[in-house]
Amino acid sequence: MVKGRNILLGVTGSIAAYKSVEIARRLVEEGASVKVVLTGAAQRFITPYMFETISSNPVYTDMFSDPFSHINLSREADLFLIAPATANTINKLSCGIADNLLSNLWLTYEGHALMAPAMNFRMYRNSTVKKHIRNLTQQGVQFAGPVSGSLACGEEGVGRMLEVPEILEEAASLFIEKDLKGENVLVTAGPTIEPVDPVRFISNRSSGKMGYAIARAALRRGAEVTLISGPSALTPPRGASFIPVEKTTEMDKAVFQCLKKSTAVVMAAAVSDYSPVEVSKVKRKKEDSNTLNLKVNKDIIKSLGKKKGKRYLIGFAAESGKDIESARSKLMGKNLDLIVLNDISRKDVGFNVDTNVVTLIDRNGRIADYPKMKKIEVADVILDRIVKFKKGKP
Ligand SMILES: Cc1cc2nc3c(=O)[nH]c(=O)nc-3n(C[C@H](O)[C@H](O)[C@H](O)COP(=O)(O)O)c2cc1C
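First, a word on what this report is: a plain description of the structure on this page. Computed from a predicted model, the values in this text were never measured in an experiment.

### Side note on the overall build of the chain
Next, step 1: Looking only at helices and strands, the chain features 14 helices and 22 strands.
Next, step 2: On the principal axes, the C-alpha backbone points of the chain span a range of 80 × 50 × 40 Å.
Next, step 3: Looking at the chain as a whole, 52% of its 394 residues are labelled buried.
Next, step 4: A total of about 19,200 Å² of accessible surface is found on the chain, and carbon and sulfur atoms cover 51% of it.

### Re the site of the ligand
Next, step 1: Among the 14 residues in the neighbourhood of the ligand, the closest are listed as Gly-13, Thr-39, Thr-86, Thr-89 and Ala-118.
Next, step 2: Contact distances for the ligand include 2.8 Å between an oxygen atom and a backbone N or O atom of Ala-87.
Next, step 3: At 3.0 Å from an oxygen atom of the ligand is found a side-chain nitrogen or oxygen belonging to Asn-88.
Next, step 4: Look at the ligand: alone it shows 640 Å² of surface, and the protein chains cover 63% of it.
Next, step 5: Residues belonging to the shell around the ligand are distributed by class as follows: seven nonpolar, seven polar and no charged.

### Details of the sheet that holds strand β2 (residues 33-38)
Next, step 1: Strand order in the open sheet formed by six strands is β3-β2-β1-β4-β5-β6, with parallel pairing between adjacent strands. One side of each edge strand has no neighbouring strand; the edge strands of this open sheet are β3 (59-60) and β6 (142-143).
Next, step 2: In this sheet, strand β5 (residues 112-117) lies alongside strand β4 (residues 79-85) in parallel orientation, the contact comprising five bridges. Within β5, the residue paired with Leu-81 across the bridge is Leu-114.
Next, step 3: Running over the sheet, helix α6 (residues 101-108) touches β1 (6-11), β2, β3, β4 and β5 and is turned about 145 degrees from β4.

### Focus on the packing of helix α11 (residues 248-258) against helix α12 (residues 300-307)
Helix-helix packing: each pair is described by the crossing angle between the helix axes and the interaxial distance.
Next, step 1: In the contact formed by α11 and α12, the axes pass within 11 Å of each other and the chain directions differ by 20 degrees. By the angle between their axes, α11 is roughly parallel relative to α12. The crossing of α11 and α12 is right-handed. Contacts between α11 and α12 pair Thr-248, Met-251, Asp-252, Val-255 and Phe-256 from the former with Ile-300, Ser-303, Leu-304 and Lys-307 from the latter.

### Describing the pattern of salt bridges
Next, step 1: Inspection of the entire model under this criterion finds 20 salt bridges.
Next, step 2: Asp-99 is the partner of Lys-92 in a salt bridge, and the nearest nitrogen-oxygen pair spans 2.8 Å.
Next, step 3: The exposure class of Asp-99 is partly exposed, given its relative accessible area of 49%.
Next, step 4: Note that Asp-252 and Lys-298 form a salt bridge whose closest N and O atoms lie 3.0 Å from each other. You can see Asp-252 sitting in helix α11 and its partner Lys-298 sitting in the loop between β16 (294-296) and α12, a full 46 residues away along the chain.
Next, step 5: A residue is classified by how much of its surface remains accessible, and Asp-252, at 15% relative accessible area, is buried.
Next, step 6: Look at the salt bridges and you will find they share partners, linking Asp-179, Arg-221, Asp-380 and Asp-384 into a network.

### Some thoughts on the environment of Val-245
Next, step 1: Inspection of the secondary structure assignment puts Val-245 in the loop between β13 (241-244) and α11.
Next, step 2: Among the residues examined, Val-245 registers a relative accessible area of 8% and is labelled buried.
Next, step 3: Spatially, the C-alpha atoms of Val-245 and Pro-191 are 9.5 Å apart, while their sequence positions differ by 54 residues.
Next, step 4: The residues contacting Val-245, other than those within four sequence positions of it, are Ile-228, Ser-229, Gly-230, Pro-231, Glu-250, Met-251 and Ala-254.

### Here's the deal with empty space enclosed by the protein
Next, step 1: This model, assessed by the stated rule, comprises one cavity of 30 Å³ or more.
Next, step 2: Approximately 60 Å³ is the volume found for the largest cavity.
Next, step 3: If you trace the largest cavity, you find it lined by Asn-6, Ile-7, Leu-8, Ser-33, Lys-35, Leu-73, Glu-76 and Ala-77.
Next, step 4: Considering only residue class, the lining of the largest cavity consists of four nonpolar, two polar and two charged.

About the criteria used
Residues numbered from 1 in each chain as written. Predicted model: local features only at pLDDT ≥ 70, side-chain atom pairs only at ≥ 80, totals over all residues. Heavy atoms only, no water. Helix = DSSP H or I, 4+ residues; strand = E, 2+ residues; numbered from the N terminus. Buried < 20%, exposed > 50% of the residue type's maximum accessible area, 1.4 Å probe, protein only. Areas by Shrake-Rupley, 256 points an atom, 1.4 Å probe, with all protein chains shown as cover. Near = heavy atom within 4 Å. Polar contact = N/O pair within 3.5 Å; in protein donor to acceptor, adjacent residues only side chain to side chain. Nonpolar A, V, L, I, M, F, W, Y, C, P; charged D, E, K, R; others polar. Pairing = 2+ DSSP bridges. Contact = heavy atoms within 4.5 Å. Axes fitted to C-alpha atoms, helices over the stretch in contact; angles between N-to-C directions. Parallel < 35°, antiparallel > 145°, perpendicular 65-115°, else oblique. Left-handed = near helix turned anticlockwise from the far one by under 90°. Salt bridge = Lys/Arg side-chain N within 4 Å of Asp/Glu carboxyl O. 1 Å grid on protein atoms, 1.4 Å probe; cavity = no way out; pocket = protein on both sides within 12 Å on 5 of 7 lines; lining within 4 Å. Points joined across faces, edges and corners; volume = space filled by probe spheres on them.

Listed below in structure tokens is the structure:
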């Protein structure tokens with residue numbers, strides 16, 4: 001999303017300044033052109049040379065070294081990102097003070113603006129700082145964080161700069177059309193697990209990556225998102241209301257609790273088809289019977305199909321091979337609007353990797369094949385269908 005964009009990265013005097021090197025690096029990696037402006041205090045923490053090397057661009061520190069840099073740099077920028085943003089700089093920018101290159105650029109800048117504050121928790125709760133953050137927010141400035149955590153000074157509290165991937169996520173999201181605004185997308189992700197005894201369970205290899213990508217993409221596009229997830233190592237996207245579950249019965253309960261407020265449902269979870277008939281309260285011994293009696297779990301998506309009303313319902317079919325007929329019969333049999341077929345026999349796509357190759361099959365019989373894509377790109381292709389449906393063009 002930031003590919004081809006001109007990003008002006010302002011760095012101010014906080015210990016967190018070292019993290020902005022990673023921000024610059026990741027932005028460049030994603031194809032953005034990055035120009036960095038450092039305050040005097042920032043240079044006490046980090047050197048311009050570091051950013052020059054990473055960005056392959058000159059780094060700007062002095063208002064008087066070039067008569068027009070304080071205007072030109074902001075004119076060409078698509079995003080002014082200040083990370084970390086100190087209390088001092090936030091307060092100054094809110095008041096329109098222009099006493100260094102960064103604050104002069106701010107006054108002449110008119111595009112997307114994002115700030116990632118970093119400061120001691122007492123500074124952050126200071127009423128003057130709060131007032132200026134409010135003022136800047138009212139002017140349309142987006143704030144990413146801060147969050148609660150351990151601070152450089154050894155204390156704990158709200159003031160820690162948001163982690164780099166999340167700042168980048170917020171930055172990318174500024175360039176995305178909010179075509180899902182007003183929608184409430186319910187996403188399920190990950191596996192469900194069925195206990196056998198207190199230490200063992202049956203489950204599957206789902207990592208949750210596809211569902212989490214759909215949740216992230218829907219948030220970026222302006223939707224409200226509820227993510228119901230089985231056990232996963234992934235961090236839920238910021239802004240989603242997150243419901244962790246384990247068993248199929250728990251996922252089922254959570255889905256139907258959240259159904260009322262949802263306008264579209266994407267069932268990306270790999271729900272266990274079976275669970276043990278009996279769950280032992282104590283660890284089964286090796287010498288115990290080695291037969292596990294299983295019962296079939298409730299088909300959550302099938303019952304959703306009966307109650308979906310006007311919601312757009314999307315299911316997944318993970319098949320060993322590209323079995324269009326089986327996917328189509330699932331689509332019709334479960335009353336889905338769209339089914340996403342993925343071939344899990346390929347090692348490079350599907351479960352536990354960042355890429356997927358999918359075929360979308362809809363109720364009108366249309367079949368669309370897609371090449372190997374990142375899961376976040378697959379997510380957008382899937383969400384495009386919800387947008388089309390809402391526009392009356394399914
Ligand atoms: C070790 C150290 C760490 C600091 N960390 C922060 C910080 O995280 N956030 C903050 O608002 N100020 C912090 N300060 C204070 C700022 O550096 C100071 O307010 C400075 O004037 C900010 O200037 P600038 O906003 O122009 O970069 C720190 C100061 C020192 C000495």
